[in-house]
Amino acid sequence: MAKIVIDGIEYEVNPNNNLLQECLSQGLDLPYFCWHPCMGSVGACRQCAVKQYRDTEDKEGMLVMACMTPASEGSIISVEDPQAKDMRERVIESLMISHPHDCPVCEEGGECHLQDMTLMSGHNYRRYDKKKVTHRNQYLGPFINHEMNRCITCYRCVRFYDDYAGGTDLSAQASHHHTYFGRHEEGVLESEFSGNLVEVCPTGVFTDKAFSSNYARKWDLQTAPSVCTGCAIGCNTTPGERYGSLRRIVNRYNSEINGYFICDRGRFGFDYVNSEERIEAPLARKEGQLAVVPKGQLQSAIDTFQGSDVIGIASPRASNESNFALRCLVGDENFYSGISDAEHEATQLILSLAKDSAFNAPSVRQIELADAVIIVGEDVTNVAPRIALALRQSVRNKAKELAEGCNIPQWQDAAVRELAQHDRSPLAILSSYATRLDDIASDIVIDSPTEIANIASAVANRISGHAPAASSDEASVAQIAAQLIEAKRPLVIAGSTSGSVSQLQAAANIARALNEKRGDVIDLCLLVSEVNTIGMSLLVNERNSLGAALEKISNGQTKKAIVLENDLYRRAAKQKIDEAFQKVEMLVIDQLPSATTAKASLVLPSTSFSEQESTYVNYEGRAQLSFQVHRNHAAALPAWRWLSDQQSGDIESLINRCAEEAKNFDKLDDLLPDLNQFVAGMKIPRQSHRYSGRTAMKANLNVHEPKQPVDDQSVMSFSMEGIPATKDSAVLGAAWSPAWNSNQSISKFQEEINGDLKQSHVGELLIERNETGSYLSLDQRPNNLNENLQVAVAYQIFGSDELSAKSNTIQERMTDAYVALSPKDAKSLDLNQGDSVSLDGNGNIAIACIRSKMKQGTVAVYCGDNDIDRHSLGTTIALSKVTEAKMKRGIQGLIVSDLCEEGY
Amino acid sequence: MQASVIASTATQARKLCAEEIKEIEHEMQLYPDKQAVGLEALKIVQKHQGWVSDESLLGISKFLDIPVSDLESVATFFNLVYRQPVGRNVILFCNSVSCWIMGSESMRSYINGKLDIDFGGTTDNGDFTFLPVPCLGDCDHAPVMMVGDDLHRNLTEGKVDEIFSEYKSKE
């Protein structure tokens, strides 16, 4: 720690940071634009000028940019110095010369960093009355609006999009007063993280297009702290609601997980919540059709699903509470997993590795610390996008190391990048197709799924001879092994979504070999596909797979089943499910109609993630609490409520019961905030103190102001009254602090910049590591050596997740199901780019997608929104050209690096 | 870094001609990576084509395997990389302070009247494009301008007439 003096007051600061960051860490207000807490400094905007003095004798001082000056021991600075203040006022005046001042019609208004900084700098009269520079805006796709006239050229957008997120299609163009930030021509922004531009841009150049067409000011949104349900990472989010509909999602800071950024699936994949197709009332089958259950008959209809012979099928997208309530209802023995058998097997292996003391499941922040990474078989960008963004930071550890050697501070962003050029920490990707991380990879091996497992095994064996023997003629094996051995913090990434248990086993062996060789705990990041796959799997007995449930049904051992928030047609082959559904009477609880609800005899509507308070367990085994944001306007209830005695019980007592009774869940109740910890026991309002129109918003229905709904379930209230999170962030939905209306106000809630939030916690790691394991022998299923092609499963960030794929915004970016294959295979099958292809000739039609880097003999199948019955496909398939076209969207929107052009 | 030319325009890329490729490949030997050759490639293409069209830009992006937006960033930064068609002869007319003192304003309006184009304009017959530049580094002979690769000093109305007729007669 170093001591510095700011305006005559002594502060203890971290000398490795710059003055701006340390001023903000100390809670001081100092305006800035181009600096970002996790992108460092470039000194582009000149807004954070302060006076620095040589020593106590120096009365003159000199103006310096706080973001470009280290907070070194003994520094004496002044923020309040009149010259410094004058400089800041003039700088913002010049930045604002051509700003249109269109705040009333700008989506950023009310949460605009530029508004805040203008006020803070004291620039309140515009002297410039000449013609302003104007720009033409671009169409940037369904997610982002472009309004270049508002730009103040801070360069944050390209620094995030290109430098931080690795995008290639947004750039700074031209120079001086007509600098332009856009694409080389109109078109969809390709990066999976483009939505963060909305939050990174300090003004309204890049705004949320979906929100814009259904807009409300920040202060008019009802918000609560929530958790994204788009994948297994569990990024923290703040959804906002108004007039009964969910309007937008923004990032909510969590130092261990998402930090300042989320992916576009998480940001734009929510509007299924507002869908007109939502199930609104309990439905029962009457003369073959589903019809609304008359009042009074509901309870008796539900009661028919009780008894010892009723089985329950769990769901990886339902909360712990709903899954636990179902388990309580049907009993341990009758509670079955809701994922495919292959995924169940892989998940069980993941759970056993999660208990192994040789490994650590790294958080997203820890992934950024890795300095050598191997990915075995997972398409991280499409399966767990936020981790792909973290990996882009991990390869920069080499640059940071180089900078340290040259005495360049880490926050000197431009200098560190210039120094490193293309030097990166090693990242090896073993995959069956080219991925979106290939541009930063040091070693890329593209091969068939079985060969990938074999190569990974060879890497493990190379690291330690105790690992099962495997031989591969792949040249990079030795290099990959050496990189992992030599690294300070190696990281192995694998998971269940590759669909290959042997790849997972081989990856575990690499981690174990590293543990044996190095003697330290190894970061082993195991990805699963859905928000609560881990939570659900912890509640289910290992032998209670979905296959076992289907067998029980076909044996006639059970005639009744309760299916919790799950479309089983996504979990097993259609034929198997069809057979089972003929023999069983089903109660299905879900939010939206599905192929499964269509076969149910009773359907109960459940609330969406934003309409309920619930907990989820992410890929690390980290449990997190997500609060209810708004009420469901129809008759939907949280699934757990349908499954337990409806009259009594609340979410807190259910969480407490789950913590007591369920193995591994004993820390779950630590997530619950205690009302006593807040001021005078008052609740936390979901609405801001500026929330407008509450007395009038329902005046079209009734001129009498309705009573605000009461939430007796939660520490939050559906009103403006109560004590909002000020600097206490135990329950922090939308961050706001006096003079800081934008998301940059988060710095007021952090212990220090980029640190934890004050008084909050980052979730609870549930799984204890107290077991020791051993090497796994590879479960290589016999590969029937025929003419067929080996199948790898492909995913898309927009489309592979069941619920977000029902969102209109996401649908605009989705593609049809496709089968990716090599040019040689395409040629021998006489296929052209975009042809319709039948898979195994059993009615599954996909579009041929010829990719130059595919290995001959391997195809990658993307199933679309369950358009292809994946579980009916074997490990190898035969392809044949068909004339019937089943194109809905085509594959034009597909963003891959190796798509062959027509006539390859 | 890999170029990901979006599908909609990838097919519009112009195939660079053999001479362009030869010259670009020569430059590639002189630089550590392809990214650095971007500016040289733009200059080479402009030399051969007169200007850099969208199709040429995509062609260079494809040839060098660098993102087209990076290339556009460079192309638009430098005023003398022409992203619009220009006339056969480009007049670079100094409008900086020394030339201004020496009467460049009246010279500008003279050229304006004579060719019927102002800054940014190209004559209808495609002979001349008229552009301002901040300084040509020849202040002691102000006012000055360049036409094509030639520098013309101590401009007077008579001299301008002479210069233009000379370039016209060249064709």
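Residues numbered from 1 in each chain as written. Chains lettered and ligands numbered in written order. Predicted model: local features only at pLDDT ≥ 70, side-chain atom pairs only at ≥ 80, totals over all residues.

### What to know about the overall build of chain B
Summing up its helical and strand segments, chain B has eight helices and four strands in all. Secondary structure elements of chain B, listed N to C terminal, follow the sequence α-α-α-α-α-β-α-α-β-β-β-α. In terms of its C-alpha atoms, chain B occupies a principal-axis envelope of roughly 55 × 30 × 25 Å. Of all intrachain contacts in chain B linking residues separated by at least 6 positions in sequence, the fraction that spans at least 24 positions is 63%. (Helix = DSSP H or I, 4+ residues; strand = E, 2+ residues; numbered from the N terminus. Contact = placed C-beta atoms within 7 Å.)

### Points about helix 20 (residues 546-554) of chain A
All names here are of chain A. Along helix 20, the residues that are buried comprise Leu546, Ala549, Leu550 and Ile553. Axial view of helix 20: buried residues confined to an arc of 95°, hence all on one face. Along its buried surface, helix 20 packs onto strand 16 (310-313), strand 17 (335-336), helix 10 (341-354), strand 24 (560-564) and helix 21 (574-582). Taken from the residues just after helix 20, Gly556 is the one with a positive phi, measuring 80°. (Buried ≥ 20, exposed ≤ 12 C-beta atoms within 10 Å, placed from the backbone. Arc of directions from axis to C-beta.)

### As for the sheet that holds strand 1 (residues 89-94) of chain B
Residues and elements named next belong to chain B. Pairing is mixed in the open sheet, where four strands are placed in the order 2-1-3-4. The outermost strands of the open sheet, each flanked by one partner alone, are strand 2 (128-133) and strand 4 (150-152). Neighbour-to-neighbour, the strand axes of this sheet turn through a mean angle of 25°, independent of strand direction. Bridging between strand 3 (residues 145-147) and strand 4 involves three bridges; their strand directions are antiparallel. (Pairing = 2+ DSSP bridges. Axes fitted to C-alpha atoms, helices over the stretch in contact; angles between N-to-C directions.)

### Quick look at the sheet that holds strand 34 (residues 836-839) of chain A
Spatial strand order, 37-32-36-33-35-34-38 (chain A): seven strands in an open sheet with mixed pairing. Looking at the sheet topology across the chains shown, the edges are occupied by strand 37 (876-877) and strand 38 (879-882) of chain A.

### Some details on the nonpolar core
Counting 252 residues, the largest nonpolar core has Ala456, Val459, Ile510, Val819 and Val861 of chain A as its most contacted members. Among the elements that take part in this core, helix 18 (residues 501-518) of chain A stands out by supplying nine residues, more than any other. Residues contacting Ile510 of chain A, with those up to four places away along its chain left out, are Ile374, Ala456, Val459, Ala460, Ile463 and Val492 of chain A. Val45, Leu57, Phe63 and Leu64 of chain B belong to the second-largest nonpolar core, a separate cluster that totals 18 residues. (Core = buried A, V, L, I, M, F, W, Y, C linked by C-beta atoms within 7 Å.)

### Comments concerning the UniProt feature "domain: 4Fe-4S His(Cys)3-ligated-type" (unreviewed entry) in chain A
UniProt records the feature "domain: 4Fe-4S His(Cys)3-ligated-type" (unreviewed entry) at residues 83-122 of chain A, using the numbering of this structure. Across residues 83-122 of chain A one finds 55% helix and 0% strand; the C-alpha atoms that close the span lie 13 Å apart. (UniProt positions renumbered as here; feature names shortened; annotations may be inferred.)

### Some remarks on helix 5 (residues 68-77) of chain B
It helps to recall that an α-helix has 3.6 residues per turn; residues three or four apart then point in one direction. In terms of burial, helix 5 of chain B is a largely internal element, seven of the 10 residues being buried. Turning to helix 5 of chain B, its buried residues are Val68, Ser69, Asp70, Leu71, Glu72, Ser73 and Ala75 of chain B. Considering only its buried residues, helix 5 of chain B is in contact with strand 7 (171-173) of chain A together with helix 3 (34-49) and helix 4 (54-64) of chain B.

### Considering the domain arrangement of chain B
One frequently used descriptor of interface size is the decrease in accessible area upon assembly of the parts. Taken domain by domain, chain B consists of domain 1 (7-77) and domain 2 (89-170). Taking only C-alpha atoms, the centre of domain 1 of chain B and the centre of domain 2 of chain B are 30 Å apart. (Domains from an automatic or database assignment.)

### Some points on the UniProt feature "binding site: [2Fe-2S] cluster" (unreviewed entry) in chain B
All names here are of chain B. Mapped onto this structure's residue numbering, the UniProt feature "binding site: [2Fe-2S] cluster" (unreviewed entry) falls at Cys94, Cys99, Cys135 and Cys139. Across 46 residues of sequence, these annotated residues stay compact in space, with a maximum C-alpha separation of 9.6 Å. With respect to the helices, strands and loops of the structure, Cys135 is situated in the loop between strand 2 and strand 3. Those residues in contact with Cys135 that sit more than four places away from it in its chain are Cys94 and Ser96. Tracing the backbone shows Cys139 in the loop between strand 2 and strand 3.

### Topic: the domain arrangement of chain A
All names here are of chain A. When the domains of chain A are assigned, the result is domain 1 (2-95), domain 2 (300-342 + 541-636), domain 3 (345-421 + 440-529) and domain 4 (789-882). Taken together, the seven residues of domain 2 in the interface contact 12 residues of domain 3. When grouped by side-chain class, the residues that make up the side of domain 2 that touches domain 3 number three nonpolar, one polar and three charged. (Nonpolar A, V, L, I, M, F, W, Y, C, P; charged D, E, K, R; others polar.)

### Some words on the confidence of the model for chain B
Residues and elements named next belong to chain B. The pLDDT averaged across chain B works out to 90; a share of 92% of its residues lies at or above 70. For chain B, helix 1 (residues 7-10) is the element with the lowest average pLDDT, namely 52, and helix 2 (residues 18-28) is the one with the highest, namely 96. Scored as a whole, the predicted complex attains pTM 0.95, and scored at its interfaces, ipTM 0.89. (pLDDT = per-residue confidence, 0-100.)

### Description of the environment of Ile367 of chain A
Residue and element names in this part refer to chain A. Along the chain, Ile367 turns up in helix 11 (residues 364-367). Overall, the presence of 23 C-beta atoms within 10 Å leaves Ile367 in the buried class. In this structure the C-alpha to C-alpha distance between Ile367 and Leu391, which are 24 residues apart in sequence, comes to 6.7 Å. Ignoring anything within four residues of it in the chain, the contact list for Ile367 reads Pro362, Ile387, Ala390, Leu391, Ser394, Leu491 and Cys525.

### A short note on the pairing of strand 33 (residues 818-821) of chain A
All names here are of chain A. Here strand 33 shows two buried faces, one formed by Tyr818 and Ala820 and the other by Val819 and Leu821. Note: strand 33 against strand 35 (residues 844-850), four bridges, orientation parallel. Residue pairing across strands places Val819 opposite Ala848, the latter belonging to strand 35. As defined by bridge partners, strand 33 adjoins strand 36 (residues 858-862) across three bridges and the pair is classed as antiparallel. Following the sheet pairing, Val819 is matched in strand 36 by Val861.

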